[in-house]
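Residue-level structure breakdown
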Amino acid sequence: MADSTQSEKISSSHGGDGFVDASAGQKAPSPDKDSKSTPQAASIVRELIYWRDVKMSGTVFGVTLLLLLSLAAFSVVSVLSYLLLALLIVTISFRVFKSVVQAVQKSDEGHPFRAYMEKDISLSSESFSRYVDTGLRHGNCVLKQLSRLFLVEDLVDSLKLAVFMWLMTYVGAVFNGITLLIIAHILVFSIPVVYEKYKTPIDRYVGIVHNQVKSVVSKVQAKVPGLSKRKPE
């Protein structure tokens, strides 16, 4: 009897350990839910710039372009004030209209925006921490690249940045920041579609240009001392 009792205790203790392991496995953190947010956002942006849904892409393109044009003509404070004022006019007008309709029809439908008011739009601490961590990660990568370029870890890359900044001085003399944003916005919504349609010839010509630039850079590195990259041992 004593042996059977001890065996039952041992088996129950093993079963309890197995139950704890199973529950621990069930309570394990699921990073997949957080990691899915970035691919989903990337897929949404990809569908917009490739015009998968013409109405949605056209709406986003038109509204954003109108906002940038407004910022080019007016100050940021004026644009924000006009946008918020227009939104308030729309919501107040709709609220008054629904109130009049309910009074005439003697119905009790309640607040017209009740469904939106009951939605939880608060930002959880987990989501906030995730966004902060993502921003810090990207910020650290940018700082690392900047320190590598400005501290001349690689002379060729630093010279490329210097040439690019020199060219940007001429661009800045012709265009201001808002104009560059408008041009970039138009290019973002046009270049992917054009590239998708004419991918083969574009890749061929880009490859030719890339090979020519690579050949010129290699010749310069070979002739100028100190520019050649060290080969890894």
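In this convention, every chain numbers its residues from 1, walking through the sequence in written order. Residue-level local features of this predicted model are given only where pLDDT is at least 70; pairs of side-chain atoms are given and counted only at 80 or more, and the full residue set underlies all totals for whole chains, interfaces and linings. Excluded from the side-chain calculations are hydrogens and water; all other atoms, namely the structure's heavy atoms, are used.

1. Overview of the overall build of the protein chain
Heads up, the rule is: Runs of H or I in DSSP of at least four residues are treated as helices and runs of E of at least two as strands, each being numbered from the N terminus. Burial classes: relative accessible area under 20% of the type maximum marks a residue as buried, over 50% as exposed, and values in between as partly exposed (1.4 Å probe, protein chains only). Contacts were defined at the residue level, with two residues in contact if any of their heavy atoms lie within 4.5 Å. Note on areas: Shrake-Rupley with a 1.4 Å probe; residue coverage comes only from the protein chains shown.
Each helix and strand counted, the protein chain has 11 helices and zero strands in total. Overall, the protein chain shows an N-to-C arrangement of helices and strands of α-α-α-α-α-α-α-α-α-α-α. Buried residues in the protein chain amount to 9% of all 233 residues. A separation of at least 24 residues holds for 49% of the contacts in the protein chain among residues at least 6 apart in sequence. For the protein chain, the exposed area adds up to about 19,400 Å²; of that, 67% sits on carbon and sulfur atoms.

2. Looking at the pattern of salt bridges
A side chain with one charge may pair with a side chain of the opposite charge, provided their charged atoms come close. The following threshold applies: When a carboxyl oxygen of Asp or Glu is within 4 Å of a side-chain nitrogen of Lys or Arg, the pair counts as a salt bridge.
One pass over the structure, following the stated rule, counts four salt bridges. A salt bridge links Arg148 to Asp157, with the shortest nitrogen-to-oxygen separation between them at 3.1 Å. When its relative accessible area of 22% is taken as the criterion, Arg148 is described as partly exposed. Residues Lys199 and Asp203 are paired through a salt bridge, measuring 3.0 Å at the closest nitrogen-oxygen approach. In this pair, Lys199 and Asp203 both sit in helix α11 (residues 199–223), four residues apart, roughly one turn of the helix.

3. Here's the deal with unusual backbone geometry
Its identity is not glycine, yet Trp51 carries a phi of approximately 55°, on the positive side. Summarising the element assignment, Trp51 is placed in the loop between α3 (37–49) and α4 (54–73). By relative accessible area, which is 27% here, Trp51 ends up partly exposed. One non-glycine residue, Lys106, lies in positive phi territory at about 55°. Lys106 gets classed as exposed once you look at its relative accessible area, which sits at 78%.

4. A closer look at the confidence of the model for the protein chain
Basically, it comes down to this: How sure the predictor is of each residue is captured by pLDDT, a score from 0 to 100.
Chain-level pLDDT for the protein chain is 80 on average; 80% of the residues reach the 70-or-more range. In the predicted structure, residues 1–34 sits below a pLDDT of 50 and forms one contact with residues beyond four places in sequence or in another chain.

5. Points about the side chain of Asp154
This is how the line gets drawn: Pairing of N or O atoms within 3.5 Å defines a polar contact, subject to two protein rules: one partner must be a possible hydrogen donor and the other a possible acceptor, and residues neighboring in sequence count only if both atoms are side-chain atoms.
Topologically, Asp154 is positioned in the loop between α7 (125–150) and α8 (155–174). Within the structure, Asp154 has its side chain in polar contact with the backbone nitrogen of Val156 (distance 3.2 Å).

6. What about the packing of α4 against helix α5 (residues 76–105)?
Here is the rule we go by: Orientation is described by lines fitted to C-alpha atoms, with helices fitted over the stretch in contact, and by angles between N-to-C directions that extend from 0 to 180 degrees. When an angle is under 35 degrees it counts as roughly parallel; over 145 it counts as roughly antiparallel; between 65 and 115 it counts as roughly perpendicular; any other value is oblique. Each crossing gets its hand from how the near helix is turned against the far one by less than a right angle, where anticlockwise is left-handed and clockwise is right-handed.
Put simply, α4 and α5 touch, their axes get as near as 8 Å, and they point 135° apart. The angle between the axes of α4 and α5 places the two elements in the oblique class. In the crossing of α4 with α5, the sense of the turn from one axis to the other is right-handed. Taking contact as the criterion, the partners of Leu67, Ser70 and Leu71 in α4 are, on α5, Val76, Val79 and Leu83.

7. Concerning a nonpolar patch on the surface
Our working definition: Exposure above 30% relative accessible area and no salt bridge define the residues that can form patches, which grow by joining like charges within 9 Å and nonpolar side chains of Val, Leu, Ile, Met, Phe, Trp and Tyr within 5 Å.
Side chains of Phe164, Met165, Met168, Val174, Phe175, Leu180, Ile183, Leu187 and Ile191 sit close together on the surface and give an oily, nonpolar patch of about 770 Å² of accessible area. Within the residue set of the nonpolar patch, elements represented by two or more residues are α8 and α9 (177–188). A total of four residues in the nonpolar patch trace back to one element, the largest contributor, which is α8. Positionally, Leu180 belongs in helix α9. The class for Leu180 is partly exposed, based on a relative accessible area of 31%.

8. Regarding the packing of aromatic side chains
Just so we agree on the cut-off: By convention, a stacked pair of Phe, Tyr or Trp rings (six-membered ring in the case of Trp) has centres within 6.5 Å and planes under 30 degrees apart, an edge-to-face pair has planes over 60 apart, and any other such pair is tilted.
One pass over the full model with this rule turns up five aromatic pairs. Considering the side-chain rings of Trp51 and Phe61, the 6.1 Å spacing of their centres and the 55° angle between planes classify their relative orientation as tilted. Here Trp51, found in the loop between α3 and α4, pairs with Phe61, found in helix α4; they are 10 residues apart in sequence, far enough to count as distant. Between Phe94 and Phe113, the ring centres sit 5.5 Å apart and the planes meet at 50°, which makes this aromatic pair tilted. On the criterion of sequence distance, the pair formed by Phe94 in helix α5 and Phe113 in the loop between α5 and α6 (114–117) is long-range, its members being 19 residues apart. Here Phe94 falls in the partly exposed class, since its relative accessible area comes to 37%. Taking relative accessible area as the criterion, Phe113 reaches 22% and is therefore assigned partly exposed.

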